[in-house]
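Each chain is listed here by its residues.
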Amino acid sequence: MSTEKLAATAKAIVTAGKGVLAADESNGTMSQRLESIGVVPTPDTRRDWRQLIFTADGFGEYISSVIMFDETIRQSSDDGRRLVDILSNADIIPGIKVDRGTHPLAGAQGEAVTEGLDGLRGRLAEYFDMGARFTKWRAVMSINDKTPSDYCIAVNAHALARYAALAQEAGLVPIVEPEILMTGSHSIGDCYTATERTLARTFDELSAQGVDLSAMILKPNMVISGHEAPDRATTAEVAERTLTCLKQNVPSDVPGIAFLSGGQGDEEATLNLDAINRMVKDEGAPWEITYSYGRALIATALKTWGGSAANVEKAQNMLLERCRASSEARSGAYSSSGTII
Ligand code: 13P
């Protein structure tokens, strides 16, 4: 696939007014989420939930693309349509998570490395044939007085770049996700430093391994206080620190940045994205800035659904409400009353 085609797909993923839905929870994580609402997890109940999302009327007004998990891309709806075709027919770009999760990093204290490079070339070709046009790989780093270590950052950045190069070779746009976790009581300053170290190393590796920056999307954390931090930074501080950190560390060739929500509440993730994009309106930025949220888009809808067919429409409306709010925030035009300003 030509680089121009990949770059065009990357631009389409971060197109104005839209963002990405991360519906790529592994079977283990999705099963826990279903159990939390009293639903027995099975391939069919996981399918029912994804079908509810993908068939929400008007979903494509706010969502350019959806990241799926391996099980989902192989599934069909209860009326026999492939889920991947439901997305494509609604002009939503299908994507696929290709990493194989985080595993303990040898010789490190409690740190993790993301695995999944073995056999990746073959899996990427299979996903392309199934209709996927982009991919995701997530690395995680945590903050405490000794972490993230240079070692953990280095191995994860190296793997992210190896994955990204293979994805582009296969004609798939890589979403590169180095996530600094919000777990802990660290300050926003600690998060800034960890994010900066991680982004700098990741872009060094991407360049060293020949990844075309114009044909990828960065999916970072916001620069934000830990969940248990005593004085959590305000929305204005999050916006200011996040934009500064990105401007210092993300090359302007990258077409778009799509944030993860990382355990922020729905409203918190929306307000922070909105504040960042308001700053961009004032001072400009070289890339599009949007969302690639999982929990912040689906949490309320999942509870509303509760596994009951009778609640499908209500849950779809809740989902659309969060998507609409995120879309407004993506333009720096969100007000919590729901009015575009
Ligand atoms: P959250 O928005 O729930 O953090 O999920 C995004 C994601 O894809 C994490 O890998």
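The structure this text deals with has already been given above.
Source: prediction; values computed, not measured.

Cut-offs and rules
Residues numbered from 1 in each chain as written. Predicted model: local features only at pLDDT ≥ 70, side-chain atom pairs only at ≥ 80, totals over all residues. Heavy atoms only, no water. Near = heavy atom within 4 Å. Polar contact = N/O pair within 3.5 Å; in protein donor to acceptor, adjacent residues only side chain to side chain. Areas by Shrake-Rupley, 256 points an atom, 1.4 Å probe, with all protein chains shown as cover. Helix = DSSP H or I, 4+ residues; strand = E, 2+ residues; numbered from the N terminus. Nonpolar A, V, L, I, M, F, W, Y, C, P; charged D, E, K, R; others polar. Buried < 20%, exposed > 50% of the residue type's maximum accessible area, 1.4 Å probe, protein only. Pairing = 2+ DSSP bridges. Contact = heavy atoms within 4.5 Å. Salt bridge = Lys/Arg side-chain N within 4 Å of Asp/Glu carboxyl O. Phe/Tyr/Trp six-rings, centres within 6.5 Å; stacked < 30°, edge-to-face > 60°. Lys NZ or Arg CZ within 6 Å of the ring centre and 35° of its normal. Arc of directions from axis to C-beta.

Draft legend 1. Broad picture of the site of the ligand. The immediate surroundings of the ligand are formed by 13 residues, with K136, K219, S261, G262 and R295 found nearest. For the ligand, an oxygen atom lies 2.6 Å from a polar atom in the side chain of K136. Side-chain polar atom of S261 to an oxygen atom of the ligand: 2.4 Å apart, as the coordinates give it. Notes on the ligand: free accessible area 300 Å², of which the protein chains cover 92%. For the shell around the ligand, the elements supplying multiple residues, two or more each, are β6 (134-141) and β10 (288-293). When grouped by side-chain class, the residues that make up the shell around the ligand number three nonpolar, four polar and six charged.

Draft legend 2. How the structure looks around the pairing of strand β3 (residues 93-97). Among the five residues of β3, five are classified as buried, and the element is accordingly described as predominantly covered. Relative to β3, strand β2 (residues 63-68) is paired through four bridges, and the arrangement is parallel. Counted as the bridge partner of I67 is G95 from β3. With three bridges joining them, β3 and β6 adopt parallel strand pairing. Opposite K97, over in β6, you have K136 as the bridge partner.

Draft legend 3. Focus on the environment of T193. With respect to the element layout, T193 can be found in helix α8 (residues 188-208). Residues T193 and L105, spaced 88 residues apart in sequence, show a C-alpha to C-alpha distance of 21 Å.

Draft legend 4. Structural detail: the side chain of H186. Relative to the helices and strands, H186 is located in the loop between β7 (173-180) and α8. Look at H186 and you get buried, because its relative accessible area is 6%. Leave out the neighbours within four places in its chain, and H186 touches I143, L181, C191, I224, S225, G226 and A229.

Draft legend 5. Quick look at the pattern of salt bridges. Counted by the stated rule, this structure contains 23 salt bridges. The closest approach of N and O atoms between D85 and R82, which form a salt bridge, is 3.1 Å. With a relative accessible area of 30%, D85 lands in the partly exposed category. The shortest N-O distance in the salt bridge between E179 and R138 comes to 2.6 Å. You can see E179 sitting in strand β7 and its partner R138 sitting in strand β6, a full 41 residues away along the chain. The buried category is assigned to E179, whose relative accessible area is 4%. Given the relative accessible area of 28%, R138 is considered partly exposed.

Draft legend 6. Representation of the packing of aromatic side chains in the model. Counted according to the given criterion, the structure contains three aromatic pairs. Geometrically, the ring pair formed by W137 and Y163 is stacked, given 5.4 Å between the ring centres and 25 degrees between the ring planes. Taken together, the residues span a long stretch of sequence, with W137 in strand β6 and Y163 in helix α7 (residues 150-169) at a distance of 26 residues. On the basis of relative accessible area, Y163 is assigned to the buried category, the value being 0%. Their ring planes at 40 degrees and their centres at 5.8 Å tell us that Y291 and Y293 sit as a pair that is tilted. By the burial criterion, Y291 is buried, and Y293 matches it. It is R133 that lies over the ring of F128; its NZ or CZ is 3.9 Å from the centre.

Draft legend 7. Expanded view of helix α2 (residues 27-36). Listed as buried for α2 are M30, S31, R33 and L34. Axial view of α2: buried residues confined to an arc of 160 degrees, hence all on one face. In α2, those exposed residues whose orientation departs by more than 90 degrees from the buried face are Q32, E35 and S36. On its buried face, α2 sits against α3 (43-54) and α11 (295-305). Once α2 finishes, G38 follows within two positions and takes phi at roughly 80 degrees, a positive value.

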